[in-house]
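Geometric and topological summary
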Amino acid sequence: MISPELTTLQQQFLQEISREFEFTGDTYKVFIVRFDPNNYAIDDEDSLAEKITFNNKNEYFNKTQKIRDELRLNIYPIFVKHNCIIISEKGRPKKGNEPWKQAYKWLWDEKYPEWLAQQKNQNNQPEPQPENLQINWREVCQKMLQKQQEQQRLRRQITELKHEIEIFVPLGLVQPKPARRKEEIPFPDAAEGMRQYELKSEEITKQYEYQQFIDEVIGQQSKNLAIIGEPGAGKTTWLSKIAEYLADNSDYPSPIFINLNRLDNRTIKDYLLHTWLEEALKFIPSQITVTQTLEENFKQQFKDKRVWLLLDGVDEMKTTANSPLFQLHSQLEGWVTWTRVILTCRLNVWQPNPIANFEYYRTLAFSDVQVGDFIQQWYEKAEKRELGELLQQKLTAPQHSRIFDLVKNPLRLAMLCQSWYFLQGELPETKANLYQRFVDATYEWKKGEFGTTAAQRQQLNQALGNLALKMIDEQISLKESVIKDVMSLDEFELAEKLGWLNWVYRDQKTDERVYAFFHLSFAEYFAACVIDDWDYFLPKNHVDKPVEGKKYRIFENEWNEIFLLWMGRENIDDKKKEFIKKLVNFKDGVNNFYTNLAYVQSGIALVEFKSCLLADEIIEQLIKWGFGYFDSKEQVWLNFIDPIPEDARKTLLLTDKERVIPALISLFHNIQSEDTRRKADLISLLHDIQSEDTRGKFAKSLGKIEAWDEQTISAVIPFLENIQDEFTRWRVAEILGNIAVGNEQVIAALIKLLKDTQSEPTRRIVADILGKIAVGNEQVIVALIKLLNDTQNEDIRSSVADILGKILKTEHNYLITVSALNKHLTNEVENNFDLYKNCYKILWQCAKNLTYPQFYQAWYATDTTTLNQQQYTDIYTQLKQLQPTSTTYPIPLNAANLEGKTAEKAIAKGILIKIYGEILPKQKANSIEDIFDLENELQPLREHLKTDKIALIFCNINPHPELIKFCQQLQNHWLKIALITDTPIASPLSGFPPQQDNVLGVLQTWLEEL
């Protein structure tokens, strides 16, 4: 019988080990129950499961399997890292030698005595235990927040002239699905502006003002939250006010506010323990340095849910990854996961990769009333109330409605208030004029501290423009060496003093300072100001094909804002007229794809160049494209081919609204009422996303299999080929699609089925499956293009076009598609218009993803081998050229077969099969069960290769979290792992982007350094 005292010590030991090893959630529960001495006699995992309440409440949830997974994936690997030896045997382990009993023996026979000795030593030390530290963490968090907000106010003075305005933009809860327009909405009057025409890509299900958001969302919910919006839209202001509210209300957890641009490639855990906590020491009288005890006490605040994390500026995190959101999500683990998180992020970063377990709210524009209130408060604080009243009068004048819309963003409104404060006069008509006002105001504001002459300002603006052009054109960061190549030292120092350039971090490799413009908008403005002629955007000597050696920046997204700012400049009207005329009459030689895009750009330009003589003609054409036209001869309403109407309508929202609104109202009055309702329905339907066919519920026993091995798949494929009953064939094909994402055997079999079958329903189903499991696969793309050509079924053709649109991913995908489909855009419209329109839809997507010269070359290519003059070679083929070093043998793995495999057994077996295919192609891989079996199989392989180390290099896969976790546990001192991917890869693994220059040389260097 265990004494009560010993039981208490054992429980304390288990709790402290769980904290040390960062076991949380279900992992913590399994650890505590499985390694409780009172449960040692329980060998039956079903009985053990009765003692654990898991987070998953699904009635089909397998508790026994959950215990096994937690032990194998999350507990044993941590034990092994702390020198626990767990020997995995093939088959059923001998009685008493089960892995959990080996772990139990290590824990209680080795770890527990060490812990008891530490307890005795600590009892003799004056340092208090974590539970005895008397720290008022709420007070510490409050003081840290006050310090951070004061620093934040100093940083924002350049735009707010020290005036803090307590007015918040509304927040809209976003439901991420398309919003349908209701047919009963009446056609609006011109006075209502363009809002009624806007068809949103997401639906705002509820709108919140400040107090309502605090009461209903902060006060009554427990979900993680994201506040998303454009630059300067008030995200930080919202987050800061939420932090103040939490700090001042003891009913809530204390806020810890982090500016994510301060992480400098560190993890959130590291920042909290080694920066935030160190800075907080001045508010903890009893502590001089950060001790282990203090760290544990601090972590306990998270585990006890006594703090919330407020993370500002996900988009400002320093990362080379495609998505900083992915990097952030990977860092929200361990003891950090116990807390609630509220973050802010720019819209363009959030939308492509939202974090799944966050509810997100979008910042909306100021209302007209809020704009007035903001101006009034701003000028009351500036003690110039009459100036505010005059500004409001100017803004509400009809000729300034464009500027009024522009300043419904808090940052731009603050800029305007400051500009008006220093330079009282007429409002600017364009964004370029507004930014110029702000630039002038900044120089005036700073002249007492850093006086500058007109010549100095002009020279500095020119230098900043040249620097911005280099940064944007070459897509580089502003390292100190880059800046000094463009600017003189005096110009650089002045730009720093004035705040145009700000040091943000040090380069991790070179320790060189890296700078950023005060705001990217001003980098774009300065760049626009130094572009002398429109030839920079579009070659003047263009006729009907790309001019060799010239860039067509007018068609590249990163230049859109610079183009608009250039069009808003003064004193270059003649050049702007020439440019608009060139855009309107642009000829591309490729069936008008870029001709139409050029026309769209001319429409967007009108908002900045309202005096354009061609404006009415351009608006008329855009409305015709967007809403169709009435054929008086045939007495029918005709529409243009998709997706021209969609892009035209988007352009109408961006162009000169004062011209568009009357034109649309005129169109409305010329349509009969019943036709108006029909057209409203059509507009709504065009903006709905067509849902994919719902898969049938069948073959449940097979469908439950999480992943199949290669042998099972090899057995099923001939069965698929020999089935005569079409319904059964559909079922088997769909099951294969569910469990074999990226599997080459399955893809090849489905392509063969697609070619052989004469059944149109089967073709449609197989095409749909391929679209889901073979993204970017060029064999599938070729097969689908052939189906598009061969089928006479309009529904299948439309479905295939949609699928192609989803699986085209790489540059080469787009090139071969252009070359294959352009022959269908001929004068056969009357004979086969359905084929024409579907090909047109796909080619339009290609045009948006290729440069004009690339598209042109592909359009006229006679042989697809000429499409990529850089000799398209897949990464796997390149990796096979890697050479072994004196210590390390590289094994490249085409890991497409691991796509979608999440179970440990499936991943382990898939990796072993691939390794055998590379090293021992004539031998069959042994059957294995888990990561321990895989490691045991690789040991003799290392001896066979006569090498100290093996380097596994995975390619052709977007690594999912389960695979990354598996690889992290597999890597050891003699087995190193690298992944070729754009996904950020955390240590101890190594990651290399596939498009990296000289990737082969970089990998060879990595091997040499192992």
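Residues numbered from 1 in each chain as written. Predicted model: local features only at pLDDT ≥ 70, side-chain atom pairs only at ≥ 80, totals over all residues. Heavy atoms only, no water.

Keep this limit in mind: UniProt positions are given in the numbering used here, feature names are shortened, and annotations may be inferred rather than shown by experiment.
The name recorded for the protein in an unreviewed UniProt entry is Signal transduction protein with Nacht domain, from Richelia sinica FACHB-800. Regarding the protein, the UniProt comment filed under Sequence similarities (unreviewed entry) reads as follows: "Belongs to the CpcE/RpcE/PecE family."

1. What to know about the sheet that holds strand β14 (residues 949-955)
Put simply, the rule is: For two strands to be treated as a pair, DSSP must find at least two bridges joining them. Where helices and strands are cited, they refer to DSSP runs of H or I of at least four residues and of E of at least two residues respectively, numbered from the N terminus. Fitted lines through C-alpha atoms serve as axes, helices being fitted only where they are in contact, and the angles separating the N-to-C directions of these axes extend from 0 to 180 degrees.
The sheet built from four strands is open, its strands ordered β13-β14-β15-β16 with parallel pairing. Of all strands in the sheet, those bounded by a partner on one side alone are β13 (888-894) and β16 (990-992). Across this sheet, the average inter-strand angle for adjacent strands is 25 degrees, counted without regard to direction. Both strand β15 (residues 975-980) and β16 contribute to a ladder of three bridges, which runs parallel. Directly across from I980, in β16, lies its bridge partner F992.

2. Things to note about the pattern of salt bridges
In plain terms, the rule: The working definition used for a salt bridge is a side-chain nitrogen of Lys or Arg within 4 Å of a carboxyl oxygen of Asp or Glu.
Evaluated as defined, the whole model comprises 28 salt bridges. The shortest N-O distance in the salt bridge between K431 and E561 comes to 2.7 Å. Placement of K431 in helix α17 (residues 431-446) and of E561 in helix α22 (residues 560-567) is noted, with a sequence separation of 130 residues between them.

3. Topic: unusual backbone geometry
Rule in force here: Buried, partly exposed and exposed residues are distinguished by accessible area as a fraction of the type maximum, computed with a 1.4 Å probe on protein chains only: under 20%, between the cut-offs, and over 50%, respectively.
Going from D642 to P643, the amide bond is cis rather than trans, its omega being 0 degrees. Examined against the element boundaries, P643 turns out to sit in the loop between β12 (636-638) and α26 (644-654). With phi around 60 degrees, N956 is a residue other than glycine that occupies positive phi space. Mapped onto the secondary structure, N956 falls in the loop between β14 and α42 (961-970). Overall, the relative accessible area of 34% leaves N956 in the partly exposed class.

4. Focus on helix α18 (residues 454-474)
Every α-helix carries 3.6 residues per turn, so stepping three or four residues along brings you back to the same face. Keep this limit in mind: Every helix has an expected span of 1.5 Å times one less than the residues it contains.
Here α18 contains 21 residues, and its C-alpha end-to-end distance of 30 Å stays within 8% of the 30 Å for a straight helix at 1.5 Å per residue. Positive phi appears at Q475, one or two residues downstream of α18, with a value of about 55 degrees.

5. Quick look at the packing of helix α14 (residues 385-395) against helix α16 (residues 410-422)
Stated formally: Handedness of a crossing is defined here by the sense of rotation of the near helix relative to the far one, left-handed for an anticlockwise turn of less than a right angle and right-handed for a clockwise turn. When checking whether two residues touch, look at their non-hydrogen atoms; a contact exists if any pair is within 4.5 Å. Each residue receives one of three labels: charged for Asp, Glu, Lys and Arg, nonpolar for Ala, Val, Leu, Ile, Met, Phe, Trp, Tyr, Cys and Pro, and polar for the others, Gly being one of them.
Two elements in contact, α14 and α16, have axes separated by 11 Å at closest approach and are oriented at 115 degrees. Viewed along their axes, α14 and α16 form a crossing whose handedness is right-handed. Taking contact as the criterion, the partners of L387, L390, L391, K394 and L395 in α14 are, on α16, L416, C417, W420 and Y421. Split by residue class, the contact of α14 with α16 holds eight nonpolar, no polar and one charged.

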